[in-house]
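Each chain, letter by letter, is given below.
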Amino acid sequence: MSAVLVLVETDGGGATEVSRETLTFVRGLGLDVHALVVGDGPPGLVDQLGAYGVTTVHHADGDAFTSYAAAAWAAAVVAAAGDATVVTAAGTPRGNEVLAHVACRLGVTMAANVVEVESVSPLSVSRQVLGGSALEEMRLEDAVAVFSVAGHACDPAEAESHAAPVVHPLDVSVPEADLRARVVRTEPGEPDESGGLKSARVVVGAGRGAGGPDGFADLLELTELLGGSLGVSRVVTSLGWRPHHEQVGQTGSRVAPDLYVACGISGAIQHWAGMSSSKTILAINTDPDAPMVTKAHYAVIGDLHEIVPAVNEELRRRSAG
Amino acid sequence: VLVEADASAYGPADVAAAIADVVRAHEAAGTTYDLVLLGNDASDTGDFQVGIRLSYLLDRPVVAGVSTLSVDGDRVVARGGAPDGGTEIFEVPLPAVLTVMEGGIEPRYPSIPGRMKAKKVQIEEVAPSGTPVGAGRVRLKLPPVQPSQVEVLGEGPEAAGAVVDLLEKLGVVR
């Protein structure tokens, strides 16, 4: 049986959420699922991968992998691929980067951010283009299909039957050329920059509708009244209205609060990817047809600059009474 | 340099090949490039690979997704975001290819005199060589629309009462 190889990214808790989504996604191909782990994996990782249906875990370790070098990782992927017919990773910056290297090495096409497999044989996939507002159906006709799986293409779910994976240490010879672009040192992020945001029970989200850097006072007051955190869409940080560490979405924090209040956020797929796990979503938007409104559980139609102050006042009134 | 081509027939490998051709042609004519800078990904096609493909064609090291860079002698020091939210620092021998991550960099727009001068610059037009391999695109389509389950609480500030009722029901009011 031919196989699909998944490059698995890890954090302290095991395989990252997006990597577990990717493992879930590729089980739909009906192939044997192999995983590649680079460097030291956290304890319990192999069992976790087995629960997600992985039958073989390739492990690349050694001097070439003590700090990140995309080309070295790609060498490991190629070595682990063996006769796999599909090679994937999560559509993260790292996943897309390594797979692009792999595609160059194998001389094949690469599809970034796939959300759906249209047909298995011949392999045809749909992937996000135009920031997720459209899908491109694409044929992958090479001997090895290389694609990344977009975040939230599916929910992570363990396999029906758990496997006990065989661990296969990889012997990869990494030439010096593959280590030319290598991390020489790292600096930690600002302490607890987004810690509060990621664990907040309530996140007040703000988008372009805030109107400018001065448009956040009422939103911050609502955040304060609800004991929550402020989260913003990418346009808000790109325009410099709020700092990057407040960004929610594919390139920001992923949040899953009890309540997400989306104020003036249209609901682009990248933002949705960062907050769709919220238990309840309340959208405040002038446009009743905005994706955020149609996907929300509750909505108020109108200008956030009129609605949010009224909500704040009502909250204060009731707490005083 | 303007590469005159039918963009719709071009996939990421074709774009990389066209850029590599220009770099090689200029180098043959005596202009060498220590750095080739590209965006990390196109906001329309979102391929995430042109810069990396270019680095293979030119046999140069590549760092993807950098946010700042500085040249230090025969090396370039590039910084980019790490998966854990920190920063990764690369020191790469020149010549190299870097792809720049969107966001975090303030664009510096050219001055009016600069723009006037730019109008007089001669643009080198290049016809691409070879037949493009394309993007493998079958068709574009819209994502499936989920049926909306939204409950509209009201319009405008008059909805504040209904909103706070909901907040209380959800137990998120302090």
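Shown above is the structure to which this text applies.
Predicted model only: the values in this text are computed from it and were never measured.

> Please explain the overall build of chain B as it appears in this structure.
Each helix and strand in chain B was counted, giving four helices and nine strands. Counted from the first residue to the last, chain B has its helices and strands arranged as β-α-β-α-β-β-β-β-α-β-β-β-α. A compact globule built from 174 residues should have a C-alpha radius of gyration of about 16 Å, whereas chain B, at 24 Å, is more than 25% larger. If one aligns the C-alpha atoms of chain B with their principal axes, the spans along those axes are about 75 × 40 × 40 Å. A fraction of 60% describes how many contacts in chain B between residues 6 or more apart in sequence connect residues 24 or more apart. Put simply, chain B shows about 10400 Å² of open surface, and 54% of that area lies on carbon and sulfur atoms. If the 15 positive side-chain charges of chain B are averaged to one point and the 24 negative ones to another, these points end up 4 Å apart.

> What should I look at first to understand the interface of chain A and chain B in this one?
The parts lose accessible area when they come together, and the size of an interface is often stated as this lost area. Counting from both sides, the interface comprises 67 residues of chain A and, opposite them, 64 residues of chain B. With both chains or domains summed, chain A and chain B bury close to 5500 Å², and 57% of this area falls on carbon and sulfur atoms. Of all residues in chain A, the largest losses of buried area upon contact with chain B belong to Glu137, Arg180 and Tyr298 of chain A, amounting jointly to 12% of the total for that side. Residue glutamate 137 of chain A pairs with arginine 139 of chain B through a salt bridge whose shortest N-O separation is 2.8 Å.

> I'm lost on the sheet that holds strand S6 (residues 86-90) of chain A in this one. Help?
In sheet architecture, strand pairing relies on hydrogen bonds along the backbone and comes in two forms, parallel and antiparallel. Pairing is mixed across the open sheet formed by 10 strands, whose spatial order is S11(A)-S5(A)-S4(A)-S1(A)-S6(A)-S10(A)-S7(A)-S8(A)-S9(A)-S8(B). In this open sheet, the two edge strands, each paired with only one partner strand, are strand S11 (166-169) of chain A together with strand S8 (137-141) of chain B. Strand after strand, the sheet turns through a mean of 35° between neighbouring axes, direction not considered. As paired strands, strand S1 (residues 3-8) of chain A and strand S4 (residues 32-38) of chain A are joined by six bridges and run parallel to one another. What sits directly across from leucine 7 of chain A, in S4 of chain A, is leucine 36 of chain A. Helix-sheet contacts for helix H4 (residues 93-106) of chain A involve S1, S6, strand S7 (110-119) and strand S10 (145-149) of chain A, and the interaxial angle to S6 of chain A is about 160°.

> Help me out: how do you make sense of the sheet that holds strand S3 (residues 62-72) of chain B in this one?
Pairing is mixed across the open sheet formed by six strands, whose spatial order is S12(A)-S5(B)-S4(B)-S3(B)-S6(B)-S2(B). Two strands bound the open sheet, and with one partner strand each, they are strand S12 (183-187) of chain A together with strand S2 (35-39) of chain B. Taking each pair of neighbouring strands and ignoring which way they run, the sheet shows an average axis angle of 35°. For S12 of chain A and strand S5 (residues 87-93) of chain B, the ladder comprises four bridges, and the chain directions are antiparallel. Across the sheet, arginine 185 of chain A pairs through a bridge with isoleucine 89 of chain B, a residue of S5 of chain B.

> Sorry, what's going on with the side chain of arginine 182 of chain A here?
Counting through the fold element by element, arginine 182 of chain A comes out in the loop between S11 and S12. Buried charge arginine 182 of chain A goes without a salt bridge, the closest partner of opposite sign being glutamate 176 of chain A at 6.7 Å. Looking at arginine 182 of chain A, its side chain comes within polar contact range of the main-chain oxygen of alanine 64 of chain A, at 3.4 Å. In this view, arginine 182 of chain A contacts Asp63, Ala64, Phe65, Thr66, Ser67, Tyr68 and Ala69 of chain A together with Ile89, Phe90 and Glu91 of chain B; residues no more than four positions away in its chain are not counted.

> Looking at this structure, I do not really get the packing of H4 of chain A against helix H2 (residues 50-58) of chain B. What am I missing?
To characterise two packed helices, one gives the angle between the axes of the helices and the distance between these axes. The contact between H4 of chain A and H2 of chain B brings their axes to 9 Å, and the two run at 40°. On the basis of their axis angle, the class for H4 of chain A and H2 of chain B is oblique. For the pair H4 of chain A and H2 of chain B, the sense of crossing is right-handed. Here Glu97, Ala100, His101, Ala103, Cys104 and Arg105 of chain A of H4 of chain A lie close against H2 of chain B, whose contacting residues are Ile52, Arg53 and Tyr56 of chain B.

> How should I be thinking about the packing of aromatic side chains in this particular structure?
Centre distance and the angle of the planes are the two values used to describe a pair of aromatic rings. Residues and elements named next belong to chain A. Counted under the stated rule, the structure contains two aromatic pairs over all chains. With centroids separated by 5.1 Å and ring planes inclined at 85°, the aromatic side chains of tyrosine 68 and tryptophan 73 adopt a geometry described as edge-to-face. Under the relative-accessibility criterion, tyrosine 68 is labelled buried at 7%. For the pair phenylalanine 216 and tryptophan 241, a centre-to-centre distance of 6.5 Å together with 65° between the ring planes defines the contact as edge-to-face. Of this pair, phenylalanine 216 sits in the loop between strand S13 (202-206) and helix H6 (217-225) while tryptophan 241 sits in the loop between helix H7 (234-238) and strand S15 (259-263); the two residues are 25 residues apart in sequence, bridging distant segments of the chain. On the accessibility criterion, phenylalanine 216 (2% relative accessible area) is buried. Over the ring of tryptophan 73 we find arginine 94; its NZ or CZ atom is 5.3 Å from the centre of that ring. The ring centre of phenylalanine 216 lies 5.4 Å from the NZ or CZ of arginine 242, which sits over that ring.

> Looking at this structure, how should I read the environment of arginine 137 of chain B?
Checked against the element boundaries, arginine 137 of chain B lands in strand S8. Exposure remark for arginine 137 of chain B: the relative accessible area of 38% places this residue in the partly exposed category. Along the primary structure arginine 137 of chain B and alanine 9 of chain B are separated by 128 residues, whereas in three dimensions their C-alpha atoms are 9.5 Å apart. Apart from the residues lying within four places of it in its own chain, the contact partners of arginine 137 of chain B are Glu136 and Glu137 of chain A together with Thr45 of chain B. Polar contacts involving the side chain of arginine 137 of chain B include one to the side chain of glutamate 136 of chain A, which spans 2.6 Å.

> Honestly, unusual backbone geometry in this entry has me stumped. Any pointers?
The bulk of non-glycine residues show a negative phi, and the bulk of peptide bonds are trans. With an omega dihedral of -5°, the bond running from serine 121 of chain A to proline 122 of chain A counts as a cis peptide bond. Relative to the helices and strands, proline 122 of chain A is located in the loop between S7 and strand S8 (124-129). Here the amide bond leading from leucine 94 of chain B into proline 95 of chain B is cis, since omega sits at 0°, within 30 degrees of zero. Note that proline 95 of chain B resides in the loop between S5 and strand S6 (96-100). Even without being glycine, asparagine 113 of chain A reaches a positive phi, approximately 60°. Here asparagine 113 of chain A falls in the buried class, since its relative accessible area comes to 7%. Positive phi, normally seen in glycine, also occurs at histidine 152 of chain A, with a value near 65°.

Parameters at a glance
Residues numbered from 1 in each chain as written. Chains lettered and ligands numbered in written order. Predicted model: local features only at pLDDT ≥ 70, side-chain atom pairs only at ≥ 80, totals over all residues. Heavy atoms only, no water. Helix = DSSP H or I, 4+ residues; strand = E, 2+ residues; numbered from the N terminus. Rg over C-alpha atoms; globule rule 2.2 N^0.38 Å. Contact = heavy atoms within 4.5 Å. Areas by Shrake-Rupley, 256 points an atom, 1.4 Å probe, with all protein chains shown as cover. Lys, Arg positive; Asp, Glu negative; His and termini not counted. Charge placed at Lys NZ, Arg CZ, Asp CG, Glu CD. Buried area = accessible area lost by both parts, 1.4 Å probe. Salt bridge = Lys/Arg side-chain N within 4 Å of Asp/Glu carboxyl O. Pairing = 2+ DSSP bridges. Axes fitted to C-alpha atoms, helices over the stretch in contact; angles between N-to-C directions. Buried < 20%, exposed > 50% of the residue type's maximum accessible area, 1.4 Å probe, protein only. Polar contact = N/O pair within 3.5 Å; in protein donor to acceptor, adjacent residues only side chain to side chain. Parallel < 35°, antiparallel > 145°, perpendicular 65-115°, else oblique. Left-handed = near helix turned anticlockwise from the far one by under 90°. Phe/Tyr/Trp six-rings, centres within 6.5 Å; stacked < 30°, edge-to-face > 60°. Lys NZ or Arg CZ within 6 Å of the ring centre and 35° of its normal.

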